[in-house]
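If you want the building blocks of each chain, they are given just below.
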Amino acid sequence: MSKILYVIDNNTKKDYNYKIEEDTIIYHFSINSGSNVLIDLDKEDISLYYYYNDINYDDNIFTIKVNHNKSNTHSELFNHGVNVKDNELSFKVEGSVLKNSAKCICNQDNQIINISDGKSTICPNLLIDNYDVDSSHSAYIGKFKDEDIFYLESRGIPEKVCYKLLLNGFLINSDSIEYDKIKDFVLEIEKI
Amino acid sequence: MLEIKNLYCKVKETEDNILEDFSLTIKKGEIHVIMGPNGTGKSTLSKVIMGHYKYEVTGGDILLDGESILNLSVSKRAKKGIFLCMQDPTVIEGVSNSEFLRTAIGEVSGTKVNLYTFIKDMEKAMDEVKLNNNMLHRSLNLGFSGGEKKKNEILQLKMLKPKFIILDELDSGLDVDSLRIACKNINDYLEEYPDTALLIITHYPRILEYIRPQYVHILKEKKIQKTGGIELAFEIEKEGYNGVNVMMGNEENE
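What counts, and at which threshold
Residues numbered from 1 in each chain as written. Chains lettered and ligands numbered in written order. Predicted model: local features only at pLDDT ≥ 70, side-chain atom pairs only at ≥ 80, totals over all residues. Heavy atoms only, no water. Helix = DSSP H or I, 4+ residues; strand = E, 2+ residues; numbered from the N terminus. Buried < 20%, exposed > 50% of the residue type's maximum accessible area, 1.4 Å probe, protein only. Polar contact = N/O pair within 3.5 Å; in protein donor to acceptor, adjacent residues only side chain to side chain. pLDDT = per-residue confidence, 0-100. Axes fitted to C-alpha atoms, helices over the stretch in contact; angles between N-to-C directions. Parallel < 35°, antiparallel > 145°, perpendicular 65-115°, else oblique. Left-handed = near helix turned anticlockwise from the far one by under 90°. Contact = heavy atoms within 4.5 Å. Nonpolar A, V, L, I, M, F, W, Y, C, P; charged D, E, K, R; others polar.

Points about the side chain of A:N87
All names here are of chain A. Summarising the element assignment, N87 is placed in the loop between β7 (74–83) and β8 (88–97). N87 gets classed as buried once you look at its relative accessible area, which sits at 7%. Reaching out from N87, the side chain makes a polar contact with the side chain of N83 at a distance of 2.5 Å.

As structure tokens, then:
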């Protein structure tokens, strides 16, 4: 059974430091905020799942760094942002595996959807100093795919409602998220 | 039901037409098949009827029940009862099957969907198409096999109850048993709603062993070149498109 944490930022800039010593899931929801997240995986055989979901209106930077300080540690980062206006949103994402940390899994998936013509950047970095590591990263910046909209529309769903469905699916990207803990964020999605 | 009159269409921002002077009339309750070599525009036709964003109609008209649908959005065409069962259904991560279908049913019917009724209807339909109940909560087509995707299309068809159905290569990616199940569900649907018209796009006559059409059309060189009965499909399977003289003997289907 994993420890589950909910973090909600609303128009703030904060620093978070986590020393992880047990299996942990962190759901981090952000409304127009920037934050620096530093995570140390300090015990062998533990996993971290980090879901960052961001609705952005101004210029903001989200930075997250995961240090695999022990062997056989596992991190999965899912960073999703929606850049609503013509502004700048940046994700700086770093996974670091030390020389003595063997058999680690270090993955990251980063996506930003631009609703308008904002400028978005993703810097996905993997600093791996061990030969026995399973690691991957991905980054996507763009609009929702036309083919997705066409498919949904072809079943009678108007374009505006298609976007609502896609935004919900993109920003609440785990079945285990409890809606009553993120009410403000759910309401914010409706405003996009 | 559906009339395609002297249709010309092309991919947007290109010059050459894919279909030229293409005409076809499909009446209530009729089953038509379009066959043709690769790249002759069969799937394009299905997408143009549905209003796909990549294509532009440069001439002619498409009418549903006497009214042009060319100026209607994709969703409005679907609301009028057109359903395209896609050759390669799109995967949409994050949007669950149940959320998607409940939204679609609500939009098409124009009423709020009762959750209890929806779940009961879905469970029944999923059982009929032999889809596992757990797919209800999975992302739309994510991780589905080719067969499951096609069955999911049939499930949507059953739930949305269209009056004009296009099956774009339903038989591709389906094993024999799955094809039989899919076709049985379509036949049951046609029996329950006998006014429904069906347009089947296929390369092979195998599907026609399960769903019997009244008309088979050969699409070649941008328009229908020959129309016949089901025997034409089997003749093509035997002789190939080059073996059958498709440029002669047009028969009107009206």
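Okay, back to it.
What about the confidence of the model for chain A?
Segments scoring low in pLDDT should not have their predicted coordinates read at a detailed level. Residues of chain A with pLDDT of at least 70 account for 100%, and the chain-wide mean is 95. No element of chain A has a lower mean pLDDT than helix α3 (residues 183–191) of chain A, which averages 93, and none a higher one than strand β6 (residues 60–68) of chain A, which averages 98.

As for unusual backbone geometry
Residues and elements named next belong to chain B. A positive phi angle, near 50°, is found at E221, a position not held by glycine. Along the chain, the position of E221 falls in the loop between β11 (215–220) and β12 (223–228). One non-glycine residue with positive phi stands out, namely K222, at about 75°. The residue K222 is located in the loop between β11 and β12 in this model. Note on K222: relative accessible area 31%, which makes it partly exposed.

Here's the deal with the packing of helix α3 (residues 97–109) of chain B against helix α4 (residues 115–128) of chain B
The relative placement of two packed helices is expressed as an angle between their axes plus a distance between the axes. Residues and elements named next belong to chain B. Packing of α3 against α4 leaves a shortest axis separation of 11 Å and a crossing angle of 115°. In terms of orientation, α3 lies roughly perpendicular with respect to α4. For the pair α3 and α4, the sense of crossing is right-handed. The residues of α4 that touch α3, namely those facing S98, L101, R102 and I105, are L115, F118 and M122. Of the residues in the contact of α3 with α4, the class split is five nonpolar, one polar and one charged.

A short note on the environment of A:I182
Residues and elements named next belong to chain A. Counting through the fold element by element, I182 comes out in the loop between α2 (159–171) and α3. When the C-alpha atoms of I182 and Y6 are compared, they prove to be 8.4 Å apart, with 176 residues separating the residues in sequence. Those residues in contact with I182, other than ones at most four positions away along the chain, are Y6, I8, F29, I172 and I177.

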